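# Close look at the chain arrangement
These are the residues of each chain, in order.
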Amino acid sequence: QVDESKEVESIVPSYACQRRTTLENHNTVFTDALSLLAENAELSDEDGRGVAFRRAAAVLKALHSPVTDLLQLRGLPCLGGHSLRVIKDVLENGASSEVEFTKQSERFKALKVLTGIFGVGAKTAERWIREGIHSLPQLQDSAHTLNRAQQAGLEHYDDLNQPVTKAEGDTIGEIVAKAVMSVLPGAQMTLIGGFRRGKLTGHDVDFLITHPEEGREVGLMPKVVSWLESKGFLLYQKTTRNSYLESKDGPARPSSNMDRFERCFSIFKLPEDAKQGTKQTETLTEDTPEDTCSLTTPSLVKDEGSESTKRANLKPWRAVRVDLVVSPISQFAFALLGWTGSKLFERELRRWAGHEKAMSLSSHALYDNTQSKYLRASSEEEIFAHLGLEYIPPSERNA
Ligand code: GTP
Ligand code: MN
Ligand code: MN
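Read on for an overview of the structure. (Residues numbered from 1 in each chain as written. Chains lettered and ligands numbered in written order. Predicted model: local features only at pLDDT ≥ 70, side-chain atom pairs only at ≥ 80, totals over all residues. Heavy atoms only, no water.)

## Regarding the coordination of the manganese ion (ligand 2)
- Here the manganese ion (ligand 2) is held by Asp204 (OD) and Asp206 (OD), and the distances to it run 2.0 to 2.1 Å.
- Between the manganese ion (ligand 2) and the manganese ion (ligand 3), the interatomic distance is 3.6 Å, and Asp204 donates to each metal, bridging them. By the burial criterion, Asp204 is buried, and Asp206 matches it. (Donors = N, O, S within 2.8 Å, 3.2 Å for Na, K, Ca; no water. Buried < 20%, exposed > 50% of the residue type's maximum accessible area, 1.4 Å probe, protein only.)

Structure representation (structure tokens):
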């Protein structure tokens, strides 16, 4: 068995960006368990633990067959004692007691429900829970004033917690492309995020917009947003101005994870007739957690969807989260790589760059600390080459 583990070791390098991770996962029973613990850690302000669980899950996602014995894990990277205990528990008992306990804990359930509201992060949820707010009705009854994002999030809670299909993503892509072409002919739009990696569903749809002539993209976002707004496609939007060009000299501190592109977080109003392959009633019942299904934000529904029409699912549209990012062409490859994900793949790329290559990678640039200079790239392939990594296509970045 020693030979076997040696072989496994050689095919699973320790950084996720050195591996090919497709959507075909032979170990979902383990990766689901580890991902839940990762989520719980992230929601509890324990990012270090969260990353450890994410890395462990990612290693199992990269395996070509199901794990049936702990011995098969010998020599694999990123599997700490805690993760191994969870895997062992699942192997021996069919489930992890820690995972089951977490799932059923009032705290975790409340964190999930509250952070399920667009605009509510772990910190806010934590604060509300400490005040005894565990559910949406309790939140609505409380005296808390919600910001604009949170109000929109609460209003469209059910829709936004229903997975977005690829077909819906494509329909929104056509609408955004039309907006972009109308306000700046020649501009280019690319699908990024999970759908670019080949996922069939997502929590939102992400697009990157650029123009082949440097500088022509300046001021593009407000125009795109106005076009979409004028056609009634936006239920909510918050545009953040580009702060990258405004920094002193040239590309600023690429080591910072902070993104400085002009970007727009939005909630789209996707007309029902534009939807393809609708299975809405099915997915609704399937994906709505027991504690939250009774949510009908009647007092908050101001649009045509009254409580009864919502229930009967007669609302002629659905709300979908959409992220738009605008990048100058000189940074396009970095933006494309940085916004395609997965989140762990991105994190590992930056860790590889820093720890193994003394370079700083961001969604804007790659800086070589040894040569004290920026390394240019006009494609993702060139960035992988600069980093001394084999090129991994988007469909194999599902770590
Ligand atoms: P689903 O939307 O759930 O399908 O997954 P996703 O992989 O598309 O995730 P998400 O839409 O949250 O993010 C897409 C990619 O953009 C991920 O790789 C993130 O790391 C990246 N991303 C998200 N927010 C930011 C940000 O503020 N700055 C930068 N640089 N990247 C971001
Ligand atoms: Mn996404
Ligand atoms: Mn997104």
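## Section: helix α16 (residues 332–340)
- Of all nine residues making up α16, eight are buried, and the element is well covered by its neighbours.
- Those residues of α16 that fall on the buried side of the exposure criterion are Phe332, Ala333, Phe334, Ala335, Leu336, Leu337, Trp339 and Thr340.
- In the stretch just after α16, Gly341 is the one whose phi turns positive, near 80 degrees. (Helix = DSSP H or I, 4+ residues; strand = E, 2+ residues; numbered from the N terminus.)

## As for the site of ligand 1
- In the vicinity of ligand 1 lie 17 residues, with Gly194, His203, Asp204, Arg263 and Lys343 positioned nearest.
- Gly194 is positioned with one of its backbone polar atoms (N or O) 2.8 Å from an oxygen atom of ligand 1.
- A distance of 2.7 Å separates an oxygen atom of ligand 1 from a polar side-chain atom of His203.
- For ligand 1, the protein covers 78% of the area, taking 630 Å² as the surface of the free molecule.
- At the level of elements, α12 (193–196), α16 and α17 (343–357) are the ones that each hand at least two residues to the shell around ligand 1.
- For the shell around ligand 1, the element with the highest residue contribution is α16, accounting for three residues.
- Of the residues contributing to the shell around ligand 1, the split by class is one nonpolar, eight polar and eight charged. (Near = heavy atom within 4 Å. Polar contact = N/O pair within 3.5 Å; in protein donor to acceptor, adjacent residues only side chain to side chain. Areas by Shrake-Rupley, 256 points an atom, 1.4 Å probe, with all protein chains shown as cover. Nonpolar A, V, L, I, M, F, W, Y, C, P; charged D, E, K, R; others polar.)

## Details of the pattern of salt bridges
- A complete count under the given rule lists 19 salt bridges for this structure.
- The shortest N-O distance in the salt bridge between Glu106 and Lys109 comes to 3.6 Å. With Glu106 and Lys109 both in helix α6 (residues 106–115) and three residues apart, this pair spans about one turn of that helix.
- Between Glu213 and Arg216 there is a salt bridge, with its nearest N and O atoms 3.5 Å apart.
- A network of salt bridges, in which partner residues are shared, links Arg20, Glu390 and Glu396. (Salt bridge = Lys/Arg side-chain N within 4 Å of Asp/Glu carboxyl O.)

Functional significance is not addressed by these values, which are geometric in nature.
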